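Geometric and topological summary
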Amino acid sequence: MKKLVVTALISFCASSAALAGDGRIEISQADMASPPYEITNSGSYVLTENLLVTNTGVYGIDVQVNNVTIDMNGFTLTGPGANSQDGIYQAITLRNLRVHNGKVVNWLASYKYGVRAMGVNNQFKDLQASSNYSGLFSGEGSVLIACAANNNSAAGITCMKGSIVNECSAVSNGDRGISVSAGSTVSKSCAYNNGMDGIHIDPQSVASECSANDNGDDGMSTGFGSAVINCVVSGNSNHGIAGSRYCTISGCLVWKNASNGIVVLSDSYVLNNTCAQNGYLSGDGAGISATEDHTRIENNHVMENDRGINIGAAGNLVIKNSANGNTGSGVPSADYDFNGYATTYGPIVSTNGLITNVNPWANFEF
């Protein structure tokens, strides 16, 4: 009887996953002999070395259960290239995946990601996604902190509704750098040299203290009812900040974008921004452009743009702004260009010397 018990115990241990000293389940290269590595039990997993998947058409790690943590432990999960699936995959019906501290590279099949976690309430931290088709994707209610997506063929970082992206970077991706769905926040993040928009936020979202420079379309773009606050946006191939309706754009430095520095649709508020040298490449762009009605443009400084403040519809309000040197090659070129539309505006004061105008809503040009 004792011999049978010992034999059974040895057989059980041989079939169980290796455990680290802290009880986490270890994942080694030996576990990738017949990928994907399938996680079917909730718990904590840790990589013990770099993992290489050479098989085509399979995931690297397939998470099939809720409540999983994967510590990549500073190692890299490398895919087989053009015929891959996703590096780490989680289905949309799942929740509570945490992946941190590692790299995912070379998952290059069309529409595949280094990490694609489609479920809810996921967390990524300290991840690097490079040279994949797309970098990182996470579902609703996700939190991404200190992640970087670089040189992916399509998107860099994509999150669904109600997500937070903080201290992340997206550089030289083929499509959008960072993109979030409705009700999300992007903060203290940067997007540089991406093929499309640097940062895109869907309706009811916020982007704050971000930079978006030298991207192939708009530096930043928004959905309805969103806010862009205290951002630096420069050198983009289309607009600097493209706002939709019901947007607030405040406290931003918007410089040397090919088209308009800031452009908004109706019912928006553009406040306390500095817009300089926009329209610089195309010779046709305003520092601030309101293309529809009911927008309030207040207390901005526009300088050396092709046009300063440009109005494209009746029924807007322009007060307490300052403008200088907006005389580029476009026609017309002017500090304040209302294009004949009925606009409510403070008087435009252009005389040198002591300011004698007492109207508190006055605009200035100098």
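The preceding data block contains the structure.
First, a word on scope: everything that follows refers to the structure included in this document. (Residues numbered from 1 in each chain as written. Predicted model: local features only at pLDDT ≥ 70, side-chain atom pairs only at ≥ 80, totals over all residues. Heavy atoms only, no water.)

Assigned secondary structure in the chain consists of 1 helix and 42 strands. On the principal axes, the C-alpha backbone points of the chain span a range of 105 × 30 × 30 Å. Among the 366 residues that make up the chain, the fraction classed as buried is 50%. Taken as a whole, the chain presents about 15300 Å² of accessible surface, with 52% of it coming from carbon and sulfur. The averaged location of the 28 negative side-chain charges in the chain is 11 Å from the averaged location of its 17 positive side-chain charges. (Helix = DSSP H or I, 4+ residues; strand = E, 2+ residues; numbered from the N terminus. Buried < 20%, exposed > 50% of the residue type's maximum accessible area, 1.4 Å probe, protein only. Areas by Shrake-Rupley, 256 points an atom, 1.4 Å probe, with all protein chains shown as cover. Lys, Arg positive; Asp, Glu negative; His and termini not counted. Charge placed at Lys NZ, Arg CZ, Asp CG, Glu CD.)

Across all of its chains, the model carries 9 salt bridges by this definition. As a salt-bridge pair, Asp197 and Arg176 come within 3.8 Å of each other at their nearest N and O atoms. With Asp197 in the loop between strand 20 (190–192) and strand 21 (199–201) and Arg176 in the loop between strand 17 (169–171) and strand 18 (178–180), this residue pair connects regions lying 21 residues apart in the sequence. For Asp197, a relative accessible area of 5% translates into the label buried. (Salt bridge = Lys/Arg side-chain N within 4 Å of Asp/Glu carboxyl O.)

This part takes up the pairing of strand 3 (residues 43–47). Of the strand pairs in this sheet, strand 1 (residues 25–27) and strand 3 are connected by 3 bridges, and their pairing is parallel. In the sheet register, Ile25 faces strand 3, and the bridge partner there is Tyr45. Looking at chain direction, strand 3 and strand 6 (residues 68–71) are connected through 4 bridges and run parallel. When the sheet's bridge partners are listed, Ser44 is paired in strand 6 with Thr69. (Pairing = 2+ DSSP bridges.)

The next subject is the environment of Asn132. Assignment of secondary structure puts Asn132 in the loop between strand 11 (123–130) and strand 12 (134–138). For Asn132, a relative accessible area of 0% gives the class buried. Sequence separation between Asn132 and Ser153 is 21 residues; the distance between their C-alpha atoms is 6.4 Å. Looking at Asn132, its side chain comes within polar contact range of the main-chain oxygen of Ser130, at 3.2 Å. (Polar contact = N/O pair within 3.5 Å; in protein donor to acceptor, adjacent residues only side chain to side chain.)

Counting 67 residues, the largest nonpolar core has Ile70, Leu136 and Met220 as its most contacted members. For this core, the element with the most residues is strand 9 (residues 97–107), which contributes 4 residues. (Core = buried A, V, L, I, M, F, W, Y, C linked by side-chain atoms within 4.5 Å.)

Further remarks concern unusual backbone geometry. A cis geometry characterises the amide bond from Pro35 onward to Pro36, with omega recorded as 10 degrees. Position of Pro36 among the secondary structure elements: in the loop between strand 1 and strand 2 (37–39). The backbone phi angle of Glu209 is positive, close to 50 degrees, even though this residue is not glycine. In this structure, Glu209 sits in the loop between strand 22 (206–208) and strand 23 (211–213).

Enumeration over the complete set of coordinates arrives at 6 aromatic pairs. For the ring pair Tyr59 and Tyr89, a centre distance of 4.4 Å and an interplane angle of 5 degrees mean the geometry is stacked. With Tyr59 in the loop between strand 4 (51–52) and strand 5 (61–63) and Tyr89 in strand 8 (residues 88–90), the pair connects residues that are 30 residues apart, well separated along the chain. With relative accessibility at 16%, the residue Tyr89 sits in the buried group. (Phe/Tyr/Trp six-rings, centres within 6.5 Å; stacked < 30°, edge-to-face > 60°.)

Once that is clear, we can look at the environment of Ala290. Relative to the assigned elements, Ala290 resides in strand 33 (residues 286–290). Distance from Ala290 to Val270, taken between C-alpha atoms, is 9.3 Å for residues 20 residues apart in sequence. Residues within four places of Ala290 in sequence aside, it is in contact with Val264, Thr295, Ile297, Asn310, Ile311, Gly312, Ala313 and Asn316. (Contact = heavy atoms within 4.5 Å.)

What follows concerns the pairing of strand 9. Pairing of strand 6 with strand 9 involves 4 bridges; the strand directions are parallel. What sits directly across from Thr69, in strand 9, is Arg98. With 7 bridges joining them, strand 9 and strand 11 adopt parallel strand pairing. Across the sheet, His100 pairs through a bridge with Lys125, a residue of strand 11.

Tracing the backbone shows Ser138 in strand 12. Judged by relative accessible area, which is 0%, Ser138 ranks as buried. Leaving out residues up to four positions away in the same chain, Ser138 has contacts with Ala117, Asn122, Phe124, Leu144, Thr158, Cys159 and Met160.

Looking now at a nonpolar patch on the surface. A cluster of nonpolar side chains, Val232, Leu253 and Trp255, forms an exposed patch at the surface whose accessible area comes to about 250 Å². Locating Leu253 in the fold gives a position in strand 29 (residues 253–255). We classify Leu253 as partly exposed; its relative accessible area is 38%. (Patch = residues over 30% accessible without salt bridge, like charges linked within 9 Å, V, L, I, M, F, W, Y side chains within 5 Å.)

Once that is clear, we can look at the side chain of Asp335. Looking at the secondary structure, you find Asp335 in the loop between strand 38 (322–324) and strand 39 (336–337). Notably, Asp335 is buried but unbridged: the nearest opposite-charge side chain belongs to Arg307, and the N-O separation is 11 Å. A polar atom in the side chain of Asp335 sits 2.8 Å from the side chain of Asn326. Not counting chain neighbours up to four residues away, the residues in contact with Asp335 comprise Gly308, Ile309, Ala323, Asn324, Gly325, Asn326 and Glu365.

Moving on, we come to the state of the cysteines. What makes a disulfide is a covalent bond joining the sulfur atoms belonging to two cysteines. Summed over all chains, the structure comprises 0 disulfides. Of the cysteine sulfurs around Cys275, a residue in no disulfide, the closest is that of Cys252, at 8.4 Å. For Cys275, a relative accessible area of 0% gives the class buried. (Disulfide = S-S within 2.5 Å.)

Taken by themselves, the reported measurements are silent on function.
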